[in-house]
Amino acid sequence: MAANMYRVGDYVYFENSSSNPYLVRRIEELNKTANGNVEAKVVCLFRRRDISSSLNSLADSNAREFEEESKQPGVSEQQRHQLKHRELFLSRQFESLPATHIRGKCSVTLLNETDILSQYLEKEDCFFYSLVFDPVQKTLLADQGEIRVGCKYQAEIPDRLAEGESDNRNQQKMEMKVWDPDNPLTDRQIDQFLVVARAVGTFARALDCSSSIRQPSLHMSAAAASRDITLFHAMDTLQRNGYDLAKAMSTLVPQGGPVLCRDEMEEWSASEAMLFEEALEKYGKDFNDIRQDFLPWKSLASIVQFYYMWKTTDRYIQQKRLKAAEADSKLKQVYIPTYTKPNPNQIVSVGSKPGMNGAGFQKGLTCESCHTTQSAQWYAWGPPNMQCRLCASCWIYWKKYGGLKTPTQPEHRTPCVVMEPHSRSHLSRPEAQSLSPYTTSANRAKLLAKNRQTFLLQTTKLTRLARRMCRDLLQPRRAARRPYAPINANAIKAECKGWSGGAPGGALRKALTHLEMRRAARRPNLPLKVKPPLITVRPPVPLPAPSHPASTNEPIVLED
């Protein structure tokens, strides 16, 4: 019952697609719509797969710096791969999602220097974050709310001085004493001096024109003079005058007039206070963003001081009561039953016919993540034409963490130059899909049959020579079986230069000539066989006899 009860502030999984991983969100509000459904206003958290490759490189460098500073224990390549799935990026983006799409709870914590990264892998549904992602600006910044815990944030306590030893430290950089509790004045005398200081402050506000506008009544001026800034000034005056009341009195009212002490509550105007309340409603206690977007002419120290003074006013108490009444009208928790409907990507169930791994799937296919061949449940993964699948355990891992348990070949390969005469951008979509290593021969033939254009890949003589001379590096048979794997062109070029002496002519030209001769020798000359033409002699065709032979001068041919 408690596992299915979701409250404001919980980190939960949301499912927006049956084949994609879950979304990780934090519930901010639970609202009931007009038609009776429950919607959750949530804060978006992003995975590594949701950001660009350049930001992923920035996150990698930040992770390396964290490991060096916190002196993390070494982890394996697979653990490092899985730790990337546990890292999230906080954002300021909000969205509303149906509460019925919730698929469970998870835990998200701010990464600290005292944390050990490998411990996150030992806990289920446990994530961490250290950077903030801005979906609009496409930036990745460090979280300003980091708790400063660690060895570099601890105070350095000096050794205790021995008796008679002089203190050689620079006293100007040390703390200054502002009050002595063992002073000769009694508590009654101190209270009387504070009353005089408040009266002088009230009189000073009456003489000041700007204060008369802000505090038009005597009651408001007296209330402003009774604030802490006046009391601090009075006690500091006593300390500077050696707790001599006569000297302190003369310091309060110098020759030019009474001293007027103001705090941030008096320095700020009403319009600035309204801007601050609007900014506080939007950003919370993120004073850096408040200063940057709403009050750039104020210092950060001034904003922080105004916030804590603003919390003592009636305005703060009034807004707090309004928010409490608004929160009472909203839902505090919601019960979502466990989702039991079958996933559309399910391709086999218990009790299916032996020898079949689901409709249309070939027998003998393994899990793309753990490479197992036995599982009580299989799920289709990836594009349908690739015929990929995941076992039940790896499917749950994919849905929760957005990746595979083990790194695949393209993920952990070393960067190198790929020897391709042209990029795949000029190929049509069926041709590009046919080059995929996951496409079966039957599907590849169907895809190529749809192609309407023909193309020719013509290699250079140097490339053909490299195939012969660098077989140990190139491994043509293995490369033919794995056309998607890259080839280290730099190593092959270095080998060819070393074999040819580093010069384009000479031995290299001889090798090219030798290669052409070998190719010509492999092609046998076919003898030309000419068949004599067949000559057929036909007998003469007899002509018909004329009707009047005597009257013609033409010769007459008599048949035998």
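This is a predicted model, so every value here is computed, not measured.

Q: What should I look at first to understand the overall build of the protein in this one?
A: Each helix and strand counted, the protein has 22 helices and twelve strands in total. Within the protein, buried positions represent 30% of all 560 residues. Accessible surface for the protein amounts to roughly 38500 Å². Of this, 55% is attributable to carbon and sulfur atoms.

Q: Is there a simple way to explain the environment of T408 in this structure?
A: Turning to its location among the elements, T408 is positioned in the loop between α14 (392-401) and α15 (409-412). On a C-alpha basis, the gap between T408 and E368 in space is 8.7 Å, while along the polypeptide they are 40 residues apart.

Q: Just to check I follow, could you spell out unusual backbone geometry for this structure?
A: When glycine is set aside, most residues are seen to have a negative phi, and most peptide bonds are trans. A positive phi is found at K71, a non-glycine position, where the angle reads about 55 degrees. Structurally, K71 is set in the loop between α1 (53-70) and α2 (77-86). Taking the relative accessible area as the measure of exposure, K71 reaches 71% and is therefore exposed. Of note, D125 is a non-glycine position whose phi angle comes to about 55 degrees, a positive value.

Q: I would appreciate a short explanation of the pairing of strand β7 (residues 126-134) in the present structure.
A: Side chains on a regular strand alternate between the two faces of the sheet. Burial analysis of β7 places eight of its nine residues in the buried class, the great majority of the element. One ladder, built from four bridges, connects strand β5 (residues 87-98) with β7; its direction is parallel. Residue pairing in the sheet places L90 in a bridge with V132 of β7. Sheet topology places strand β6 (residues 102-110) next to β7; four bridges connect them, and they run parallel. The residue bridging S107 from the neighbouring strand is C126, located in β7. Pairing between β7 and strand β8 (residues 139-142): four bridges, direction antiparallel. The residue of β8 that forms the bridge with D134 is T139. Joining the antiparallel neighbours β7 and β8 is a turn of four residues, in which K138 adopts a positive phi near 55 degrees.

Q: Even after reading the chapter, I still don't get the packing of helix α4 (residues 187-207) against helix α7 (residues 228-240), so can you show me in this structure?
A: At a closest axis distance of 9 Å, the pairing of α4 and α7 adopts a crossing angle of 125 degrees. When the axis of α4 is compared with that of α7, the two are oblique. Pair α4 / α7 crosses with right-handed handedness. Residue-level contacts link F193, L194, A197, R198 and R205 of α4 to T230, L231, A234, M235, T237 and L238 of α7.

Q: So what exactly am I meant to see when it comes to the nonpolar core here?
A: Generally speaking, soluble globular proteins have nonpolar side chains that are buried together. Judged by nonpolar contacts, the single largest core of 15 residues is most densely connected at V24, C106, V108 and F127. Put simply, the parts of the chain that give this core at least two residues each are β2 (11-14), β4 (38-46), β5, β6, β7 and α14. Here this core gets three residues from one element, more than from any other, and that element is β7. Those residues in contact with V24 that sit more than four places away from it in its chain are V12, Y13, V43, C44, L45, R47, L88, C106, V108 and F127.

Q: Would you take a moment to explain the confidence of the model for the protein for this structure?
A: Looking at the protein, the pLDDT average stands at 78 and 74% of residues meet or exceed 70. When mean pLDDT is compared element by element in the protein, β2 scores highest at 95, while α15 scores lowest at 44. Note that residues 548-560 has pLDDT below 50 and, in this model, two contacts with residues that lie over four places away or in other chains.

Q: Explanation requested: helix α12 (residues 300-310) in the structure shown.
A: Given 3.6 residues per turn, any residue in an α-helix points the same way as the ones three and four places further on. S302, I303, F306, Y307 and W310 are the residues of α12 that are buried. Along the axis of α12, the buried residues cluster in a sector spanning 135 degrees; they form a single face. Where α12 is buried, its residues contact α9 (264-267), α10 (270-283), α11 (287-293) and α13 (314-329).

Q: What exactly am I supposed to notice about the pattern of salt bridges here?
A: Oppositely charged side chains can pair when the atoms bearing their charge come close. This model, assessed by the stated rule, comprises 18 salt bridges. With a shortest N-O distance of 3.6 Å, D180 and K177 are connected by a salt bridge. Salt bridges linked by common partners bring E15, R103 and K399 together as one network.

Q: Before we go on, may I ask you to explain the packing of aromatic side chains in this structure?
A: Two numbers describe a pair of aromatic rings. These are the distance of the centres and the angle of the planes. For the structure on display, the rule yields 19 aromatic pairs. Taking the centre distance of 5.6 Å and the plane angle of 50 degrees together, the rings of F127 and Y401 count as tilted. Of the two residues, F127 is situated in strand β7 and Y401 in helix α14; the sequence distance between them amounts to 274 residues. Here the two residues F127 and Y401 agree in accessibility, since each one is buried.

Q: Explain the packing of α4 against helix α6 (residues 218-225) to me, please; I cannot follow it from the model alone.
A: One way to put it is that α4 packs onto α6 with a least axis distance of 8 Å and a crossing angle of 130 degrees. With respect to α6, the element α4 is oriented oblique. Here the hand of the crossing between α4 and α6 comes out right-handed. Residues R198, G201, T202 and R205 of α4 lie in contact with α6, whose contacting residues are L218, S221, A222, A224 and A225. Its residues assigned to classes, the contact of α4 with α6 comprises four nonpolar, three polar and two charged.

Q: When you look at the side chain of H85 in this model, what are you seeing that I'm missing?
A: Summarising the element assignment, H85 is placed in helix α2. Judged by relative accessible area, which is 11%, H85 ranks as buried. In terms of polar contacts, H85 uses its side chain to reach the side chain of Y397, at 3.1 Å. Apart from the residues within four sequence positions on either side, H85 is in contact with R47, F127, Y397, Y401, G403 and L404.

How each quantity is defined
Residues numbered from 1 in each chain as written. Predicted model: local features only at pLDDT ≥ 70, side-chain atom pairs only at ≥ 80, totals over all residues. Heavy atoms only, no water. Helix = DSSP H or I, 4+ residues; strand = E, 2+ residues; numbered from the N terminus. Buried < 20%, exposed > 50% of the residue type's maximum accessible area, 1.4 Å probe, protein only. Areas by Shrake-Rupley, 256 points an atom, 1.4 Å probe, with all protein chains shown as cover. Pairing = 2+ DSSP bridges. Axes fitted to C-alpha atoms, helices over the stretch in contact; angles between N-to-C directions. Parallel < 35°, antiparallel > 145°, perpendicular 65-115°, else oblique. Left-handed = near helix turned anticlockwise from the far one by under 90°. Contact = heavy atoms within 4.5 Å. Core = buried A, V, L, I, M, F, W, Y, C linked by side-chain atoms within 4.5 Å. pLDDT = per-residue confidence, 0-100. Arc of directions from axis to C-beta. Salt bridge = Lys/Arg side-chain N within 4 Å of Asp/Glu carboxyl O. Phe/Tyr/Trp six-rings, centres within 6.5 Å; stacked < 30°, edge-to-face > 60°. Nonpolar A, V, L, I, M, F, W, Y, C, P; charged D, E, K, R; others polar. Polar contact = N/O pair within 3.5 Å; in protein donor to acceptor, adjacent residues only side chain to side chain.

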